[in-house]
Amino acid sequence: MKKILLTICLMAAMPSVWAEEFTTAGDGTVWTMQALTVATGSGVSGSDGKYRMTESVTISAGDIFDISGASEITMVGDAELTIAGEPRLSPTSTVHLLHETNAANDKSDGIRLTTAQGDITVSNLHFTGVGLRNSVGEACTVTVSHCSFTAYTGSASSALMLGGSGATFRIDHCTFEECSKAAIGSAANYYCPVVIEDCEFFHNGQSNSNTPQLNLTVASDVTVRRCVVTGDPDLTMVGGIGVSNFIGIEDVHVNIEQCYISDNRYGIGTVGPMDVRIADNLMTDNNHEVNAMNGGSGISLYDPYQRTTAMISGNRIERSLWGVTVIGCAKVNMGRTDVDESSADYNPGGNEFENNGNGGEKYDVYNNSTNTVWAQNCFWSVEVQDAEHIESVVYHKADNSSLGEVLFTPAMQQAGIGHTPTTASGLGKIYDLRGIEQTGKSLPHGIYIIDGKKYVR
């Protein structure tokens, strides 16, 4: 059987250039929304914290834009706010940015940052219908914290667009919900190190295009940690987390850990050469693909250049069309315990599989490469954890002599991850993977620690 990999689609084009209807002088002025209301031709009106923009505004390099004093900014039609100067976008109280359409095809990207250098912090902004598009200089570090992005419909390929190449990003404690395209993304030719932590993604990709909710390109460091990525079961083209290297960037490191990923077309997919670590994630029901030959993996690793190395441990994959799919790649290590713990090849494994398969067959691992895949000390979706039974859920050299072998013995004899009830009441001390105690309240889906052992909910 030949497995055809789902291709993760990223937007390859460079950002477009917009017409600018009002541009500040760049003479060191501090601009606020209230100040813009008295600037001739700005198209900004309003008072008492609530403002409307009917024309696009550019804050030039040398000037400052301070969002403080606003509580609500409505961008009408295709009006946008571009900040080439210094952005002050961390108000002490929440500012809502909204989109109002004049025509069916009206699109606004909301705020566009083109600042050349410096540390930028964006916080306490709630975007609805609009987003945040970055084209900042490579010397910039951008932190986006405690923001929300809802129902984005702009022209960019994601609600939060990373760029330009070389800029560094950190995104934490943000929520992305029902955006028309990806929640976070970047152009294929952008190199943007990014750390994404403690964020929630719900039902993004509402246009149902071939794009994951997190549509990332590689850089020296790409980390996604402690995030919830929940898909819409009605969207059969939208994946969970996708990381791609289409232009052959060297020395890249991708780390995806402690995430809960459910109800997407696939869970985690990588394309192209990279060094990737996938650890301690819970992936369930990532099977919303109408044709199993085109996707539906819990984890899919694709590298025709055979340079990818992957270390996969401590994950639980349930009810995917394929558990882990390997196409190409140089070295995939899902568990190797036959070497000393001091060895770089040592991996405790601990991956668990449950009810993965399609067409009446079970597929916990599908090795569609010519290389050996190590998968020792894993717990398989069979009743008896021995070679004979595990063979029935692994597709490899034994099924097709042209393929590489999956080395799956010795197997883990008892699941290391149990199931918790829906609430924390009466169970003593329960901690999430951030070390935060969960007591006296409902438990969201995720992985928890009780008495030193992992449990899923």
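For the structure itself, consult the block above.
What counts, and where the lines are drawn
Residues numbered from 1 in each chain as written. Predicted model: local features only at pLDDT ≥ 70, side-chain atom pairs only at ≥ 80, totals over all residues. Heavy atoms only, no water. Helix = DSSP H or I, 4+ residues; strand = E, 2+ residues; numbered from the N terminus. Buried < 20%, exposed > 50% of the residue type's maximum accessible area, 1.4 Å probe, protein only. Contact = heavy atoms within 4.5 Å. Areas by Shrake-Rupley, 256 points an atom, 1.4 Å probe, with all protein chains shown as cover. Pairing = 2+ DSSP bridges. Phe/Tyr/Trp six-rings, centres within 6.5 Å; stacked < 30°, edge-to-face > 60°. Lys NZ or Arg CZ within 6 Å of the ring centre and 35° of its normal. Salt bridge = Lys/Arg side-chain N within 4 Å of Asp/Glu carboxyl O. Core = buried A, V, L, I, M, F, W, Y, C linked by side-chain atoms within 4.5 Å.

*Asks:* Please clarify how the overall build of the chain should be interpreted in this entry.
*Replies:* Secondary structure assignment for the chain yields two helices and 48 strands. Within the chain, the fraction of its 457 residues that count as buried is 55%. Sequence separation of at least 24 residues holds for 68% of the intrachain contacts in the chain that already meet a minimum separation of 6. For the chain, the exposed area adds up to about 17600 Å²; of that, 49% sits on carbon and sulfur atoms.

*Asks:* How should the sheet that holds strand β6 (residues 64-66) be read in this particular structure?
*Replies:* Strand pairing in a sheet relies on backbone hydrogen bonds. The paired strands run either parallel or antiparallel. Sheet architecture is open: three strands sit in the order β2-β6-β9, paired in parallel fashion. One side of each edge strand has no neighbouring strand; the edge strands of this open sheet are β2 (30-31) and β9 (86-88). Two strands pair when backbone bridges link them, and β2 and β6 are joined in this way by two bridges, in the parallel orientation. Within β6, the position partnered with Trp31 by the bridge is Phe65.

*Asks:* Quick question: what am I supposed to make of the environment of Cys179 here?
*Replies:* Here Cys179 is to be found in the loop between β19 (175-177) and β20 (182-186). For Cys179, a relative accessible area of 0% gives the class buried. Note: C-alpha distance between Cys179 and Gly129 (50 residues apart in sequence) is 8.0 Å. Other than its neighbours up to four places away in sequence, Cys179 contacts Phe149, Thr150, Ala151, Tyr152, Ala159, His203, Asn204, Gly205 and Gln206.

*Asks:* Help me out: how do you make sense of the packing of aromatic side chains in this one?
*Replies:* In this description, a pair of aromatic rings is defined by centroid distance and the angle of the planes. Counted according to the given criterion, the structure contains 10 aromatic pairs. Measuring from centroid to centroid gives 4.9 Å for Phe353 and Trp380, while their planes differ by 15°, and the two rings are stacked. Placement of Phe353 in strand β37 (residues 352-354) and of Trp380 in the loop between β41 (373-374) and α2 (387-390) is noted, with a sequence separation of 27 residues between them. Centroid distance Trp380 to Phe408: 6.2 Å. Interplanar angle 70°. Geometry classified as edge-to-face. One end of the pair, Trp380, is in the loop between β41 and α2; the other, Phe408, is in the loop between β43 (406-407) and β44 (417-419), and 28 residues separate them in sequence. The exposure class of Trp380 is buried, given its relative accessible area of 1%. Ring-pair connections join several aromatic residues into one group, and the members of that group are Phe127, Phe149, Phe176 and Phe201. In this structure, Arg336 packs its charged tip against the face of Trp374, placed 3.6 Å from the ring centre.

*Asks:* How do you make sense of the pattern of salt bridges when you look at a structure like this?
*Replies:* Think of it this way: side chains of opposite charge can pair up when their charged atoms draw near. One pass over the structure, following the stated rule, counts 20 salt bridges. Residue Glu100 is joined to Arg52 by a salt bridge in which the shortest nitrogen-to-oxygen separation is 2.7 Å. Of this pair, Glu100 sits in strand β10 (residues 95-100) while Arg52 sits in strand β4 (residues 50-53), and the two are 48 residues apart along the sequence. Among the residues examined, Glu100 registers a relative accessible area of 29% and is labelled partly exposed. In this structure, the salt-bridge partner of Asp345 is Arg336, at a minimum N-O distance of 4.0 Å.

*Asks:* Could you clarify how one ought to interpret the nonpolar core in this entry?
*Replies:* Generally speaking, soluble globular proteins have nonpolar side chains that are buried together. Counting residues in each nonpolar core, the largest one holds 99 residues, and the members touching the most others are Ile111, Ile196 and Trp380. Counting seven residues, the second largest nonpolar core, distinct from the first, contains Ala292, Leu321, Trp322 and Tyr363.

*Asks:* It is not clear to me how the pairing of β4 should be interpreted in this structure. Could you clarify?
*Replies:* Within a regular beta strand, the side chains point alternately toward one face of the sheet and then the other, so they alternate between its two faces. Of the two faces of β4, only one is covered, namely that formed by Tyr51 and Met53; the face formed by Lys50 and Arg52 stays uncovered. For strand β3 (residues 44-47) and β4, the ladder comprises four bridges, and the chain directions are antiparallel. Opposite Ser45, over in β4, you have Arg52 as the bridge partner. Between β3 and β4, which pair antiparallel one after the other, the connecting turn spans two residues, and Asp48 there sits at a positive phi close to 55°. In this structure, β4 lies alongside strand β7 (residues 72-76), joined through four bridges in parallel fashion. By the bridge assignment for β7, Lys50 is matched with Glu72.

*Asks:* Before we go on, may I ask you to explain the environment of Leu36 in this structure?
*Replies:* Relative to the helices and strands, Leu36 resides in helix α1 (residues 33-37). The class of Leu36 is buried, set by a relative accessible area of 1%. Distance from Leu36 to Val57, taken between C-alpha atoms, is 9.0 Å for residues 21 residues apart in sequence. If we ignore the near neighbours within four places in the chain, the residues touching Leu36 are Phe22, Trp31, Ser42, Val44, Val57 and Phe65.

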